Amino acid sequence: MDSFVFAVMLLAAALHAGWNALLKLRVEPRIASTLLGIAGGIVALPFCLLFPLPAPAAWPFLAASGLIHLVYFQSLGIAYETGDLGQVYPLARGSAPLLTAIGAMFFVGEGIGIFGWVGVTTLALGVVLLSLKGARDSSRIEVRAVGFALLTAASIGAYTVVDGMGVRLSGHVGAYVAWNFVAGAVVLSVYGGWRWRGGLVTAFTGSARMLLLGAAMSIGSYGIALWAMTQAPIAIVGAMRETSVLFAALIGVVFLGEPLLRLRIMAGALVLAGVVLLRMA
């Protein structure tokens, strides 16, 4: 991976951890995740008018991505209802790199070499270990949170491969990013309007500033990742995004009062080792 691509992917990881932390503040997590997706469409809509339309070959991928993101946002929100940021976020993100690498290998035909596979596996192991103990009870795993975190991971692997293929066919990275968020917002608006009706509008009004901030961070994070997928293998970029677990763990400890456990410190070292291996891939 090119040094510049490597550096901007670390920035993308920090932005991603930041908007995920917002799901643990003020608004009920499932509603918050839905509203963040809708807010992303609002922020991205002006860019749809500035950029050319994506190439026709990319539109099926945009449609598929919108549906997959519905599963992603809802499963992530449910996981946050019972799990800590430091538990749910690492497990959801940590299981995804291997799924993404396997998907890219079978559906895109991309190989990442021995350093790539060892790096992806090491990073994934580190982030999964970060999730083993939540703050509510350090002696047991929050089973419901873990289940939905794994569903989130499966959706991450799916939309990463779909969007990696779609953005390469789009002819314009910015256009694909903008329409990707708008497509997701349309799907989430329909679902949210059916699920919560007027409650969705009330929640958005009460947290509009924070939601729009989170949406901007999400667009920045994923936009960088999609651009990077045109410069490097999808599996490597997908794995690099998961360095965000270190930023998420720091946010959880400093701002949300979650415990800094020895296991999490050791797991963080594995994540860093995986990052070094990915840089060599």
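Residues numbered from 1 in each chain as written. Predicted model: local features only at pLDDT ≥ 70, side-chain atom pairs only at ≥ 80, totals over all residues. Heavy atoms only, no water.

Q: I tried to follow the overall build of the protein on my own but got confused; where do I start?
A: Within the protein one finds twelve helices and zero strands. Put simply, the protein runs from its N terminus to its C terminus through helices and strands in the order α-α-α-α-α-α-α-α-α-α-α-α. Burial analysis of the protein (281 residues in total) assigns 55% to the buried set. In the protein, 90% of the contacts between residues at least 6 apart in sequence involve partners at least 24 apart. On the protein, roughly 11400 Å² of surface is accessible, and the fraction owed to carbon and sulfur atoms is 74%. (Helix = DSSP H or I, 4+ residues; strand = E, 2+ residues; numbered from the N terminus. Buried < 20%, exposed > 50% of the residue type's maximum accessible area, 1.4 Å probe, protein only. Contact = heavy atoms within 4.5 Å. Areas by Shrake-Rupley, 256 points an atom, 1.4 Å probe, with all protein chains shown as cover.)

Q: When you look at the packing of helix H2 (residues 29-50) against helix H9 (residues 208-229) in this model, what are you seeing that I'm missing?
A: A pair of packed helices can be characterised by two numbers: the angle between their axes and the separation between those axes. Running from N to C, H2 and H9 cross one another at 70°; their axes reach a closest spacing of 8 Å. Classified by the angle their axes make, H2 and H9 are roughly perpendicular. Within the contact between the two elements, H2 uses Ala 32, Leu 35, Leu 36, Ala 39, Gly 40, Ile 42, Val 43 and Ala 44 and H9 uses Leu 211, Leu 212, Gly 214, Ala 215 and Ile 219. Tallied by class, the residues present in the contact of H2 with H9 amount to eleven nonpolar, two polar and no charged. (Axes fitted to C-alpha atoms, helices over the stretch in contact; angles between N-to-C directions. Parallel < 35°, antiparallel > 145°, perpendicular 65-115°, else oblique. Nonpolar A, V, L, I, M, F, W, Y, C, P; charged D, E, K, R; others polar.)

Q: I'm lost on the nonpolar core in this one. Help?
A: Most often, soluble globular proteins keep nonpolar side chains buried together rather than apart. Counting 67 residues, the largest nonpolar core has Met 9, Val 88, Tyr 176, Leu 226, Val 237 and Leu 278 as the members making the most contacts within it. Those residues within four positions of Tyr 176 in sequence are excluded, and the remaining contacts are Pro 54, Ala 58, Phe 61, Leu 62, Val 162, Asp 163, Gly 166, Val 167, Ser 170 and Leu 226. (Core = buried A, V, L, I, M, F, W, Y, C linked by side-chain atoms within 4.5 Å.)

Q: For this particular structure, what's the right way to read the side chain of His 69?
A: Note on placement: His 69 falls in helix H3 (residues 59-82). Since its relative accessible area comes to 10%, His 69 is described here as buried. If sequence neighbours within four positions are ignored, His 69 has contacts with Tyr 159, Asp 163, Asn 180 and Tyr 222.

Q: Whenever I open this one, unusual backbone geometry confuses me. Can you help?
A: Trans peptide bonds make up most of the peptide bonds, and negative phi angles are found at most residues other than glycine. Of note in the backbone geometry, Arg 197 takes a positive phi value of approximately 50° without being a glycine. Within the fold, Arg 197 resides in the loop between helix H7 (173-196) and helix H8 (198-206).

Q: Even after reading the chapter, I still don't get the environment of Val 161, so can you show me in this structure?
A: If you trace the backbone, Val 161 turns up in helix H6 (residues 143-170). Residue classification places Val 161 among the buried positions, given a relative accessible area of 7%. Sequence separation between Val 161 and Thr 100 is 61 residues; the distance between their C-alpha atoms is 6.4 Å. Not counting residues up to four positions away in its chain, the partners in contact with Val 161 are Thr 100, Gly 103, Ala 104, Phe 107, Val 108 and Ile 234.

Q: Explain the environment of Thr 82 here, please?
A: Within the secondary structure layout, Thr 82 lies in helix H3. Between the C-alpha atom of Thr 82 and that of Ala 145, which follows or precedes it by 63 residues, the distance is 5.6 Å.

Q: Even after reading the chapter, I still don't get a nonpolar patch on the surface, so can you show me in this structure?
A: On the surface, a cluster of nonpolar side chains totalling about 520 Å² of accessible area is made up of Leu 98, Ile 102, Met 105, Phe 106 and Phe 107. You can see Phe 107 is positioned in helix H4 (residues 85-108). (Patch = residues over 30% accessible without salt bridge, like charges linked within 9 Å, V, L, I, M, F, W, Y side chains within 5 Å. Salt bridge = Lys/Arg side-chain N within 4 Å of Asp/Glu carboxyl O.)

Q: Mind showing me how you'd approach H7 here?
A: Every α-helix carries 3.6 residues per turn, so stepping three or four residues along brings you back to the same face. For H7, with 24 residues, the first-to-last C-alpha span of 34 Å sits near the 34 Å given by 1.5 Å per residue. Directly beyond the C-terminal end of H7, a positive phi value near 50° is found at Arg 197. (Expected span 1.5 Å × (residues − 1).)

Q: Where do I start with the packing of H6 against H9 in this structure?
A: In contact at an axis separation of 9 Å, H6 and H9 are set at 65° when each is read in the N-to-C sense. Where H6 crosses over H9, the handedness of that crossing is right-handed. Between H6 and H9, the contacting residues are Tyr 159, Thr 160, Asp 163, Gly 164, Val 167 and Arg 168 on the first element and Tyr 222, Leu 226 and Met 229 on the second. In terms of residue class, the contact of H6 with H9 is built from five nonpolar, two polar and two charged. (Left-handed = near helix turned anticlockwise from the far one by under 90°.)

Q: Help me out: how do you make sense of the confidence of the model for the protein in this one?
A: Atom-level detail of predicted coordinates should not be read off regions where pLDDT is low. Counting all residues, the mean pLDDT for the protein is 81, and 86% of those residues have values of 70 or more. Within the model, the stretch residues 134-139 combines pLDDT values under 50 with twelve contacts to residues more than four positions away or in other chains. (pLDDT = per-residue confidence, 0-100.)

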